[in-house]
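# Commentary on secondary and tertiary structure
One-letter residues, chain by chain:
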Amino acid sequence: MLADWATFSTAGGAILYVLIAGIVLVKHGLQERAARFLAVYAMTSFLWALLLVFYWRLGSLPFLLEDILARASFYGVLLLSWLFLLLSRSFLRLERTGPGWWALGVVWMAAVAVLDSNLFALPDTLWAEGEWVVQRQDLTSVALILGWGGFMAGTTLLTVRAYRQAQQPLHRNRITYWPLALGFTVAGGALFFDGRSEALGSVFYLLGTLIAAYAVLTHRLPDVRQMARRSVSYLLITLLTVIIYAAGFLAMQYAFWTMPGYSPLLAGAVMALILAILFHPLLRLVQQLLNRLISGASYDPRRALREYSLNISNILDLERLATVAVGIISEAMDIRRGTLFLVHREGEDGNGYFHLQSVKGMGQEDPDPGILFASSPVVNCLRREHRPLTQYDIDLLPRFRQISPVERAWLDSLGMDVYVPIYAKGEWIGLLALGPKASGDRYFPDDLMLLSTLADQTAVALENARLFDDLKARNAENESLNKALATANRELARLDQAKSDFINVASHELRTPLTQARGYSEILSEMSEDGSLTPDTAQQMSVGLIKAAQRLEEIVDTMLMISKIDTQALGLTPSETTVAMIVNAAVSSWATALEERKQILTVEGVTELPPITADAKQLQEVLSHLVQNAIKYTPDGGQIRITGRLMGGGMLPQDQSVEIVVADTGIGIASEDLERIFEKFYRASDVLLHSTGKVKFKGAGPGLGLTIARGIVEAHGGRIWAESPGHDEETCPGSQFHIVLPVQPRYLEAEGSAAFIASVRASGDQV
Ligand code: ADP
């Protein structure tokens, strides 16, 4: 039977265990995992303590019962160590890591029980050689102790791991309590197995459980670092006081020993007085020195506030504001990371959310923007309570358990310690997120108060900067609108010019042949009146009249063609033909002109091309016009080259196309005109240069030829474009007109060409 105090203390422990379980039930209602485990652990400890009391108290028990109780007390230690490991796992928030501790515990305990009950009828002595004997009973004890040791070692590893993983000082502080609880629990178990001081073991167990319960049940655990710092400074100051007192007293003894009337009592009193005066300044000095030594630097909140408000009030640029704000705070509090978020509210109250966009980060890449729902507990806390919120609270307080996984993941990804909301006119407009301090210290209540004040200071500046930013954005918008307006104006002016050009050109074009016709008819009429008309003159006059009529017809045809292209009514008559035929027919009509202008025209590579399906007459018009232009815009003696080649690698005719290039050594085309020349009435040269001479150098026509050419080529499902190094009448860089035509246009069989043109037109032509 053990001493009375052991039974009494263990019985007292049993009552405390029940109390702990009761407190957990009342305070947490078994909602949290760690609390649940704590309740189970406390209740098991209670049963175990009860068992011990029985075992120790009721000395004279039947052997069997005593044996059962003795064994049960050992099993209790194993069971408790396993439960303590599970409790540690959920307290350290490492539930999803490590091996299957649950299963391991169950299997181990079952194995010990099987071994102990000798289910497999093993002999009592398992192995014996000389002095060395292994008993079955020894094996059970070893399995028991090994299991206990394994669970305790597992808990130690988990604790070390959790401490390493924890970035935040508050989390680290919380974890710091665990080694203490673990230490007492391990010591308790060890003493129990030792067998000599089971009572002390049970007391240690109780202490371990009490510390664990305190850590699990208390959210705001006292700061261990701060407590350590305070204790060290008190220790130091006590030492200093003693040394100063002793030294002073001895010095006085030595100096005034021979003085009449000197008494050691007086010396003691004087020293006490000196120390009383010195105590406070000394204490502060030691504390400051220690702070410097442990956490680097300390800051003066008043100075930080003054510097902050001085620097921040006049900044209008959002990014600069964020950089300065985060910079000053980080420097004052020695923080490694920080970001200012702009908060925008979106949506209605019921399903609204807040969009958080970082302005400028420090010590890291700009974090991703995040979304917090209006109904989120974090938003509720930030909006209603107007005070900083710590990540530690978000992680551990039951009220934040409802946060959606997306929100939690985003907050975790920021890796911040504290969130300080910023308000303007009652609206939540910004969030200052700050990372851990370099010193590893937590944010103390004084820090949080200062941060709140700084956030208030930021509010006005932030509101101004936001407005300014808005204004800037609007200005930029206006500027781009103005630019678009100017472009549209220029385009309108150009169209207007094209219209006047048309009237000028049309009247000019029509007037010349009309005047000629009128002249010839007047001469005819006069000569036939006075009888001077000879058959020769009559012949001459009629040829002139016919030419004028032809020119008129040509002009009217051109106008008609344009209107057909415009109204998408250009009917094609496709048939099988060859490029060589088309080119030859187009070129032959210009033989005289080429001779006149002493120009050389060569044709290459067209005879090898496969036959194509196309409206030969229309394409001949196109080619003819390109040759005419080449003659017109090339000085006398220049060269014109027509080349053909097959394009597209496919064997099937529908995958192939032919390219025809008309190149000249003429005045060339400026790059900005390369597309415009295909527009109606557009002429790169001056309208006044207009000439009726069909092939005169630079004798511009009405500016319709290329428009018609494009209309016809596109109606064939082909493309036409111009290339030129630029316009220069001195150096004559030349130009090339490219035509690409499908060998067998699909549309010709399937749809009418008009419909095809309609689709081509719709896809981009605005003429
Ligand atoms: P035009 O009836 O005036 O010749 P086009 O539509 O055929 O009208 O040509 C439009 C403009 O394109 C011409 O006024 C001319 O400035 C330019 N142009 C056409 N072909 C050439 C070329 N081969 N070399 C240089 N400029 C050309």
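Residues numbered from 1 in each chain as written. Predicted model: local features only at pLDDT ≥ 70, side-chain atom pairs only at ≥ 80, totals over all residues. Heavy atoms only, no water.

For the rest of this paragraph, the subject is the overall build of the protein. Of regular secondary structure, the protein possesses 22 helices and 15 strands. For 767 residues, the compact-globule formula gives about 27 Å, and the C-alpha radius of gyration of the protein, at 51 Å, lies well above that figure. Across its three principal directions, the C-alpha atoms of the protein cover 165 × 90 × 55 Å. Counting every position in the protein, which comprises 767 residues, the buried fraction comes to 42%. Just so you have it, the protein exposes about 41100 Å², and 61% of that area is on carbon and sulfur atoms. Taken together, the 65 basic and 78 acidic charged side chains of the protein have centroids lying 10 Å from each other. (Helix = DSSP H or I, 4+ residues; strand = E, 2+ residues; numbered from the N terminus. Rg over C-alpha atoms; globule rule 2.2 N^0.38 Å. Buried < 20%, exposed > 50% of the residue type's maximum accessible area, 1.4 Å probe, protein only. Areas by Shrake-Rupley, 256 points an atom, 1.4 Å probe, with all protein chains shown as cover. Lys, Arg positive; Asp, Glu negative; His and termini not counted. Charge placed at Lys NZ, Arg CZ, Asp CG, Glu CD.)

Let's shift gears to the pattern of salt bridges. A full pass over the atoms with the stated rule returns 19 salt bridges. For E463, the salt bridge goes to K425, with nearest N and O atoms at 3.4 Å. Taken together, the residues E463 in helix α15 (residues 445-530) and K425 in the loop between β7 (418-424) and β8 (427-434) connect sequence positions 38 residues apart. Looking at K425, the relative accessible area reads 77%, which means it is exposed. Note that D673 and R676 form a salt bridge whose closest N and O atoms lie 3.7 Å from each other. Overall, the relative accessible area of 9% leaves D673 in the buried class. Overall, R676 belongs to the partly exposed group, its relative accessible area being 30%. (Salt bridge = Lys/Arg side-chain N within 4 Å of Asp/Glu carboxyl O.)

Below, the discussion takes up the sheet that holds strand β15 (residues 736-742). Strand order in the open sheet made by the 5 strands is β10-β12-β13-β15-β14, with mixed pairing throughout. Whereas interior strands pair on both sides, the edge strands pair on one side only; in this sheet they are β10 (600-604) and β14 (719-723). Across the sheet, the mean angle separating the axes of adjacent strands is 15° when strand polarity is ignored. Where β14 meets β15, 5 bridges bridge the pair, whose relative direction is antiparallel. (Pairing = 2+ DSSP bridges. Axes fitted to C-alpha atoms, helices over the stretch in contact; angles between N-to-C directions.)

For strand β1 (residues 125-129) and strand β2 (residues 132-135), the ladder comprises 4 bridges, and the chain directions are antiparallel. Residue pairing for β2: E129 is matched across the bridge by W132.

Counting 58 residues, the largest nonpolar core has L38, F84, L87, L92, W178, Y205 and V216 as its most contacted members. Broken down by secondary-structure element, the contributors of at least two residues to this core are α1 (4-28), α2 (33-57), α3 (63-91), α4 (101-117), α5 (136-165), α6 (169-194) and α7 (198-217). The biggest single contributor to this core is α2, with 12 residues. Once you skip the residues sitting within four places of it in the chain, V216 turns out to touch A34, A35, L38, L87, F91 and W178. Core analysis: the second largest hydrophobic core is formed by 50 residues, L601, I642, V662 and I739 among them. (Core = buried A, V, L, I, M, F, W, Y, C linked by side-chain atoms within 4.5 Å. Contact = heavy atoms within 4.5 Å.)

Take helix α20 (residues 705-715) next. Burial within α20 is extensive, with 11 of its 11 residues counted as buried. All of the buried residues in α20 are G705, L706, T707, I708, A709, R710, G711, I712, V713, E714 and A715. Where α20 terminates, the next one or two residues include G717, which has phi positive at roughly 80°.

What follows covers the domain arrangement of the protein. Domain parsing of the protein yields domain 1 (64-221), domain 2 (226-295), domain 3 (301-462) and domain 4 (571-752). The C-alpha centroid of domain 2 is placed 48 Å from the C-alpha centroid of domain 1. (Domains from an automatic or database assignment.)

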